[in-house]
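Chain by chain, the residues run as shown.
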Amino acid sequence: MSSDTKIDPAKLARVLATDCGSTTTKAVLFELTPEGWRQTFRGEAPTTVERPVADVTIGATNAFLEVQELSGRTLLYADAEQEAEGSPLRPRDGDVGVDLYVSTSSAGGGLQMIVAGVVGDMTTASAERAALGAGAIVMDAISIDDGREQYERVQKIRHLRPDIVLIAGGTEGGTLDHPLELAETILQADPRPRFGETLRLPVIYAANSAAREQARGILEGRFEFVAEENIRPSLEEENLAPARDAIHELFLHHVMSHAPGYKKLLGWSPVPIIPTPAAVGEMVQRAAERWDIQILAVDIGGATTDVFSVFRASDEARTAVFNRTVSANLGMSYSVANVLLEAGEEKIRRWLPFECAVNEIRDRLRNKMIRPTSIPYTQEDLLLEQAVCREALRLAFEHHKRLAVGLAGAQRQRTIGDLFVQAKPESLVDMLGLGLIIGSGGVLSHAPDRRSSAFMLLDAYEPEGVTRLAVDSIFMMPHLGVFATVHPEAAAEIFIRDCLVDLGTVIAPVGKSKPNMVLAEVRLADGEVVLIRSGTLTRRELPAGQRMQVSIRPAARHINVGAGPGASFETELVGGEAGILFDGRGRPLQVPSSAAERLATVRGWYDALGLEVR
Amino acid sequence: MAQAYAPALEVSERTIVRKVRELPLPGKHLVQQGQWVEATTSVLAAELPGDLSIIRAADRLGFEVEDVMRGIVVSVGEQVVEGQELARVKSFFGWFQSALPSPAAGTIEFITEANAHIGIRHAPIPLSVDAYVQGRVIEVEPGKAVTIETEAGFIQGIFGVGGERRGHVVALAIPPDLVVTDQVLAEVNQPLDNAILVGGATFDQSGLRYAAEQRVSAVICGSIDAPGLADFVGYEIGVSITGDEPVPFTLIVTEGFGRLAISERVRSLAKQFHGRNASVNGATQVRAGATRPELIVPLEPAVDRQIVQEAGQGRPLEVGAKLRIIRVPYFGAFGTITALPSEPESIPSGARVRVLRARLESGEEVTVPRANVELVP
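Cut-offs applied
Residues numbered from 1 in each chain as written. Chains lettered and ligands numbered in written order. Predicted model: local features only at pLDDT ≥ 70, side-chain atom pairs only at ≥ 80, totals over all residues. Helix = DSSP H or I, 4+ residues; strand = E, 2+ residues; numbered from the N terminus. Rg over C-alpha atoms; globule rule 2.2 N^0.38 Å. Buried ≥ 20, exposed ≤ 12 C-beta atoms within 10 Å, placed from the backbone. Contact = placed C-beta atoms within 7 Å. pLDDT = per-residue confidence, 0-100. Core = buried A, V, L, I, M, F, W, Y, C linked by C-beta atoms within 7 Å. Nonpolar A, V, L, I, M, F, W, Y, C, P; charged D, E, K, R; others polar. Domains from an automatic or database assignment. Pairing = 2+ DSSP bridges. Axes fitted to C-alpha atoms, helices over the stretch in contact; angles between N-to-C directions. Parallel < 35°, antiparallel > 145°, perpendicular 65-115°, else oblique. Left-handed = near helix turned anticlockwise from the far one by under 90°. Arc of directions from axis to C-beta. Expected span 1.5 Å × (residues − 1).

(A) Quick look at the overall build of chain B. Within chain B, the regular secondary structure consists of 6 helices and 34 strands. For 377 residues, the compact-globule estimate of 2.2 N^0.38 gives 21 Å, and chain B exceeds it by more than 25% at 29 Å. Taken along its principal axes, the extent of the C-alpha atoms in chain B is 100 × 55 × 50 Å. Taken over 377 residues, chain B has a buried fraction of 39%. Counting contacts in chain B only where the partners sit at least 6 residues apart, residues at least 24 apart contribute 67% of the total.

In structure tokens:
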């Protein structure tokens, strides 16, 4: 993704950026200071895309005003006679105004799509990856082999209000019938677009090109038909980029321009507005490339949980593959009761260091659902929310693993033989090779004690080997992602200095073990030697900003701490508020089932983290 | 932010309520600005596209696609009636003929050469939108929406299931913390058909079943517990977007989940509105532009307009304002704000947040996060 507009990064010194989210519009100011690029001020205001104030620019201006007040600078047009009142004042003149305004958007629930393909694991999965990678929420994924009757598909889609439909299916030279059947299904269901009563819903046809004109004949009367290159030209080739570009183009010029106030907002920024998750994905990919590591990032919101990853494929070139998934009904407020339903009460209760009746959990979480802005007052209430967070993260990651499989991301190939050898596509998720986990969202970024953020990430993701943990300080990754399309160096600088808050590093040996067995020996640069024993979780301080060289030696030939079974290695650990965590609890993590044992075990983990349970 | 507003559910004796009635697609408006409408008056109408039948002609006739395509006798855009011939195919040098009758009346929307599928669009389905509340039409967006305004008693709940319904208000003469059973309802000395029952902490299974048997329109009570809601709806609700549940009547809770007494204010207003016709909707959407369930009781216009407040006006947090706490450990308690410290303070969870101090009805002085209160009139 790159900006179409020519902007000279060297001439930028002050940039105003917003993320127009579902609930809140967050504005930040990026400035070139004597210390380099920094994020200096931040403001927020409720997003305004629904009645009675259905104009996104009102919320954006309110957020700008807060930044303006806090910074004490003039950043906006103030002439009440002018239509431009409240918009970013450009060009900058000395200390007045800004050089650039950029924005991302997920207001109104973000970009929502229906995708269709012939085979669930193949063309439908490709269509899903294209939509998700472009920052969409997939409302439904139709496959000829999805086990539903035609009328069931039609009934389901008929009531959806998507922004865009994407049809894949049929390799070049392959089936004509199926992509046409998919076109017929869309026509039969006749879903209506979310915005604009007169807008014709865009349908991207990225299936077998031989059926393109006939699909056009079926759909063109009722839909905005957009033909693109086949997303899966052959079984061994995936071609996501053209469909993704078409999605972005339609999002910008077709969908957003019909959303309330967006025409005006688009006029304020010379840089294309992109969906919030697409901007976060951009930032994650740039960070993975810059530091040459594998990254897992999560944004857990009130309604949804987004997971982003960059893992290397198993091909010779070890190609970096980006994936993004969104679990549309896993969140900490609006969707909190759904986490309860998907995980079950027992799975949530297992993380609590105190007794709590199942019905009490059900009622408390539903009360959170209906009063989403309320916050935990007691420690018990806080720990219950953090228990829910662990389960939401775990479930969203399970979802991510199912989609983060071979062939994803940029165009690449594998041999046809592989397809027949593997019953299922090979997972890209490599926990032992994972270098960094970044958490964001209120429950992680604003936890009263950052050690508990590290604890949540540790329990939910069960990292293996050596993994650095961090949180996004104020959910700035969307702003940085869109800014990076203009000035990647500045965005990277702010990312490291102001966005990422290091929590520490976890060392987790994996391999079969007996109780209390020494799994690995960690020799620290200051002379301390830590033995990681099975079933234990221990910690030592390493403050934020500090790094420490360590030497790690597995205690048995089958134990792997990241360099391979039995292999010793040296590495550098990054400090943070949680310091270094030595996790010998094993994978998969087991929590005792008996109540008394569970309470004692979980309390022990809290003690290890230095988190007092009152 | 110059002024902090706390969320609050509206509970008003008399207020101005405006309801925007919208069509999901372009259509026509049936009323004019200034017109008086009843709740049942149709105010908007449109035609939804009819269903689409897809006829797999080659499969149906048992011939190759190319043969069927040559035998199709209708064209795109043509109107057909049920039984009308769509295709005729000859075989064996014309000795045998097969005809394909149309299974439905409609318009030919497409004929696909690659698979000989024929799409027939059925006649449009008429759709009409009623006024939902009695009142006056104050705005018309031609072909799209109308706004109805009414002076009404207005009670918002915190959560509901089931959609728009109408009925007459029946205030249950019971204590606010009572669990309503079938026996309690059997003692109500009036027909419950079409009633909007208001009262009690919660309805147990027997009470809900009895209400359904009596064909009530709605139940408004303090709370419901999670298992009770799942039993009533037939499944567990995971996301707070409701209104389309297949339930026998609309259910609205004013306080939340668990067992919580209905508020005194709702109870006393219900008594005042007893016997009046009202509109009710359980639809809840707890997101930006939140939708809360509601009871609207249209009233004769007040002589003195000064006493009428508009619904939906936020109120500022200020010393002396009455509040209700919406989170444990003081969940459901009422009190009065005694101080609004400007600096964030630490709370037992360990977080530093903006707080307020309040004196509860019990006399206890408490400090709670500002986010955990809602103002009450």
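Now that the structure has been shown, we can carry on.
(B) Spatial organisation of the overall build of chain A. Of regular secondary structure, chain A possesses 18 helices and 24 strands. Against the compact-globule benchmark of 25 Å for 614 residues, chain A has a radius of gyration of 25 Å, which places it among compact chains. Here the C-alpha coordinates of chain A stretch approximately 70 × 65 × 50 Å along the principal axes. Of all 614 residues assigned to chain A, the portion counted as buried reaches 56%. A sequence separation of at least 24 residues applies to 70% of the contacts in chain A between residues at least 6 apart.

(C) The confidence of the model for chain A, seen in detail. Taken residue by residue, chain A gives an average pLDDT of 90. The fraction at 70 or more is 95%. For residues 408-423 of chain A, every residue scores under 50 in pLDDT, and the model assigns this stretch 22 contacts once sequence neighbours within four places are set aside.

(D) Looking closely at the nonpolar core. Core analysis: the largest hydrophobic core is formed by 268 residues, its most contacted members being Leu166 and Ile167 of chain A. With 12 residues, the single largest contributor to this core is helix H12 (residues 379-403) of chain A. Non-local contacts of isoleucine 167 of chain A, meaning those with residues more than four positions away in its chain, are made with Ala116, Pro179, Leu182, Ala183, Ile186, Val203, Ile204, Tyr205, Ala206 and Ala207 of chain A. Grouped together as the second largest cluster of nonpolar side chains are 14 residues, Tyr377 of chain A together with Phe331, Val355 and Val373 of chain B included.

(E) Layout of the interface of chain A and chain B. The interface of chain A with chain B comprises 49 residues on the first partner and 49 residues on the second. Put simply, the parts of the chain that give the side of chain A that touches chain B at least two residues each are helix H4 (177-189), helix H5 (212-219), helix H9 (336-343), helix H11 (358-370) and H12 of chain A. The dominant element in the side of chain A that touches chain B, judged by the number of residues it contributes, is H11 of chain A, at 8 residues. Taken together, the residues of the side of chain A that touches chain B break down into 17 nonpolar, 17 polar and 15 charged.

(F) Looking closely at the domain arrangement of chain B. What the domain assignment reports for chain B is domain 1 (52-121), domain 2 (158-292) and domain 3 (317-375). A separation of 29 Å is found between the C-alpha centroids of domain 2 of chain B and domain 3 of chain B.

(G) Just the sheet that holds strand S5 (residues 42-48) of chain B, in detail. Residue and element names in this part refer to chain B. Strand order in the open sheet formed by 3 strands is S3-S5-S12, with antiparallel pairing between adjacent strands. Every other strand in the sheet has two partners, leaving strand S3 (28-29) and strand S12 (125-130) as the edge strands with one partner each. Direction of pairing for S3 relative to S5: antiparallel, over a ladder of 2 bridges. Directly across from lysine 28, in S5, lies its bridge partner alanine 45.

(H) Broad picture of the domain arrangement of chain A. Split into domains, chain A comes out as domain 1 (9-107), domain 2 (110-268) and domain 3 (278-609). For domain 2 of chain A versus domain 3 of chain A, the separation of C-alpha centres amounts to 33 Å.

(I) Fine view of the packing of H12 of chain A against helix H15 (residues 450-461) of chain A. Residues and elements named next belong to chain A. At their nearest, the axes of H12 and H15 sit 8 Å apart, and the two run at 40 degrees to each other. With respect to H15, the element H12 is oriented oblique. Crossing of H12 over H15 shows right-handed handedness. Touching Gln386, Cys389, Arg390, Leu393, Arg394 and Phe397 of H12 are Ser452, Met456, Asp459, Ala460 and Tyr461, all from H15. Considering only residue class, the contact of H12 with H15 consists of 6 nonpolar, 2 polar and 3 charged.

(J) How the structure looks around the pairing of strand S3 (residues 36-46) of chain A. Of the pairings in the sheet, the one linking strand S2 (residues 24-33) of chain A to S3 of chain A comprises 10 bridges and is antiparallel in character. Paired with phenylalanine 30 of chain A across the bridge in S3 of chain A is glutamine 39 of chain A.

(K) Main features of the sheet that holds strand S9 (residues 164-167) of chain A. Residues and elements named next belong to chain A. Pairing within the open sheet is parallel, and its 5 strands lie in the order S8-S7-S9-S10-S11. Of all strands in the sheet, those bounded by a partner on one side alone are strand S8 (136-143) and strand S11 (224-227). Sheet twist, expressed as the mean angle between neighbouring strand axes with direction ignored, is 20 degrees. Sheet analysis places strand S7 (residues 111-117) next to S9, joined by 4 bridges and oriented parallel. Considered in S9, the bridge of methionine 113 is made with isoleucine 164. With respect to the sheet, helix H6 (residues 241-255) is in contact with S7, S8, S9, strand S10 (202-205) and S11, its orientation differing from that of S10 by roughly 165 degrees.

(L) Here's a closer look at helix H5 (residues 226-233) of chain B. Looking only at H5 of chain B, the buried set comprises Ala226, Leu229 and Phe232 of chain B. Across the axial projection of H5 of chain B, the buried residues extend over an arc of 125 degrees, all falling on one side. At its buried positions, H5 of chain B is contacted by H11 of chain A together with helix H4 (205-213), strand S20 (218-224) and strand S22 (250-257) of chain B.

(M) Here's a closer look at unusual backbone geometry. Residue and element names in this part refer to chain A. A cis amide bond links arginine 90 to the next residue, proline 91, at an omega of 0 degrees. The residue proline 91 is located in the loop between helix H1 (56-71) and strand S6 (100-105) in this model. In this model, arginine 587 is joined to proline 588 through a cis peptide bond whose omega is -5 degrees. A positive phi angle, near 50 degrees, is found at phenylalanine 475, a position not held by glycine. With respect to the helices, strands and loops of the structure, phenylalanine 475 is situated in the loop between strand S19 (465-472) and helix H16 (477-484). With 24 C-beta atoms packed within 10 Å, phenylalanine 475 lands in the buried category.

(N) Representation of the packing of helix H3 (residues 150-158) of chain A against H4 of chain A. Residues and elements named next belong to chain A. Running from amino to carboxyl end, H3 crosses H4 at an angle of 50 degrees, the nearest separation of the two axes being 8 Å. Taken together, the axes of H3 and H4 lie oblique to each other. By crossing handedness, the relation of H3 to H4 is classed as right-handed. For the pair H3 and H4, contact is made by Gln150, Arg153, Val154, Ile157 and Arg158 and by Thr185, Gln188 and Ala189, respectively. Looking at side-chain class alone, the contact of H3 with H4 contains 3 nonpolar, 3 polar and 2 charged residues.

(O) Spatial organisation of the environment of leucine 365 of chain A. All names here are of chain A. With respect to the helices, strands and loops of the structure, leucine 365 is situated in helix H11. Taking the C-alpha atoms as reference points, leucine 365 and glutamate 385, separated by 20 residues in sequence, lie 8.3 Å from one another. Among residues more than four places away in sequence, those in contact with leucine 365 are Val336, Ala337, Leu340 and Val388.

(P) Seen up close, the pairing of S6 of chain A. Residue and element names in this part refer to chain A. The buried fraction of S6 is high, at 6 of 6 residues. The alternating pattern of S6 places Leu100, Val102 and Thr104 on one face and Tyr101, Ser103 and Ser105 on the opposite face, and all of these are buried. Looking at chain direction, strand S1 (residues 14-20) and S6 are connected through 6 bridges and run parallel. Among the inter-strand pairings, cysteine 20 is bridged to a residue of S6, identified as serine 105. Where S6 lies against strand S13 (residues 274-275), 2 bridges are found, and the strand directions are parallel.

(Q) Local environment of H4 of chain A. All names here are of chain A. When the terminal C-alpha atoms of H4 are compared, their 18 Å separation across 13 residues agrees well with the 18 Å that a helix rising 1.5 Å per residue should span. Of all 13 residues in H4, 12 are buried; the element is thus mostly enclosed. Where H4 is concerned, the buried positions are Asp177, His178, Pro179, Leu180, Glu181, Leu182, Ala183, Glu184, Ile186, Leu187, Gln188 and Ala189. Directly after H4, the chain includes aspartate 190, whose backbone phi takes a positive value near 50 degrees.

(R) Broad picture of the confidence of the model for chain B. Predicted confidence across chain B gives a mean pLDDT of 90, with 93% of residues reaching 70 or more. Contacts from residues 1-6 of chain B, a stretch scored under 50 in pLDDT, to residues over four places away or in other chains number 13 contacts.

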